[in-house]
Amino acid sequence: MKKIVLVLFIGLLGFGLTAQENAAKISFKTETVDYGEIAKGSDGVRVFEFTNTGNAPLVISKVSSSCGCTIPKKPDAPILPGKTGEIQVKYDTNRVGPIAKAITVISNADTPTKVLKIKGKVLPAEGK
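Summary of the structure given here. (Residues numbered from 1 in each chain as written. Predicted model: local features only at pLDDT ≥ 70, side-chain atom pairs only at ≥ 80, totals over all residues. Heavy atoms only, no water.)

Some details on the packing of aromatic side chains
Phase 1: One pass over the structure, following the stated rule, counts two aromatic pairs.
Phase 2: Between the aromatic rings of Y35 and Y91, the centroid separation amounts to 6.2 Å while the plane-to-plane angle is 65°, which identifies the pairing as edge-to-face. Placement of the pair is Y35 in strand β2 (residues 32-39) and Y91 in strand β6 (residues 84-91), with a sequence separation of 56 residues. With respect to burial, Y35 and Y91 carry one shared label: buried. (Phe/Tyr/Trp six-rings, centres within 6.5 Å; stacked < 30°, edge-to-face > 60°. Helix = DSSP H or I, 4+ residues; strand = E, 2+ residues; numbered from the N terminus. Buried < 20%, exposed > 50% of the residue type's maximum accessible area, 1.4 Å probe, protein only.)

Spelled out as structure tokens, the structure:
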């Protein structure tokens, strides 16, 4: 009886380890995008590029920002192993002043929650 329980335990442990090996992994080129100093009303769209370095499809289920002035856009389709994708972020550049916002990415990756950052400064329009 003990041998049967031991064999079952080892089998389940081996299955659990195999399941963990088949995981998606998200690897960003950079986790911070620096807008630098940009003019009021200029293009506020930037892109976070990433690669699925795991061996299972990567599904990004939700991308949210720390405020309404930043609108992120996630990929609709799963990202296959070895393939790249991007998360587009649009900041409202009509707001003059410093930029310091966080974008939270939730996925099925081995690290399910990732926080990305944007920073920079929006300068007032010339002559005002």
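Here's the deal with the sheet that holds strand β4 (residues 60-65)
Phase 1: Strand order in the open sheet formed by four strands is β2-β8-β7-β4, and the pairing between neighbours is mixed. What marks the edges here is a single partner per strand, and that holds for β2 and β4. Pairs of neighbouring strands in the sheet enclose a mean axial angle of 20°, with direction left out of account.
Phase 2: The sheet contact formed by strand β7 (residues 97-107) and strand β8 (residues 113-123) spans ten bridges and is antiparallel. (Pairing = 2+ DSSP bridges. Axes fitted to C-alpha atoms, helices over the stretch in contact; angles between N-to-C directions.)

Points about the nonpolar core
Phase 1: F48, I87 and I118 are the most contacted members of the largest nonpolar core, which totals 23 residues.
Phase 2: Within the residue set of this core, elements represented by two or more residues are β1 (26-28), β2, β3 (45-52), β4, β6, β7 and β8.
Phase 3: Every residue in contact with I87, bar those within four places of it in the chain, is listed here: F28, R46, V47, F48, F50, I60, V63, K73, P75, V105 and L116. (Core = buried A, V, L, I, M, F, W, Y, C linked by side-chain atoms within 4.5 Å. Contact = heavy atoms within 4.5 Å.)

Notes on the sheet that holds strand β5 (residues 70-73)
Phase 1: Spatially, four strands are ordered β1-β3-β6-β5 in an open sheet, and the strand pairing comes out antiparallel. The open sheet terminates on both sides in strands that have one partner only, identified here as β1 and β5. Adjacent strand axes in the sheet meet at a mean angle of 30° when their direction is disregarded.
Phase 2: Where β3 meets β6, seven bridges bridge the pair, whose relative direction is antiparallel. Residue pairing in the sheet places E49 in a bridge with E86 of β6.

Here we look at the environment of D43
Phase 1: Among the structural elements, D43 can be located in the loop between β2 and β3.
Phase 2: A residue is classified by how much of its surface remains accessible, and D43, at 53% relative accessible area, is exposed.
Phase 3: A distance of 3.2 Å separates a polar side-chain atom of D43 from the backbone nitrogen of V45. (Polar contact = N/O pair within 3.5 Å; in protein donor to acceptor, adjacent residues only side chain to side chain.)

Comments concerning the pairing of β5
Phase 1: Of the two faces of β5, only the one carrying T70 and P72 is buried; I71 and K73 on the other face are not.
Phase 2: Here β5 pairs with β6 via four bridges, running antiparallel. Within β6, the residue paired with T70 across the bridge is Y91.

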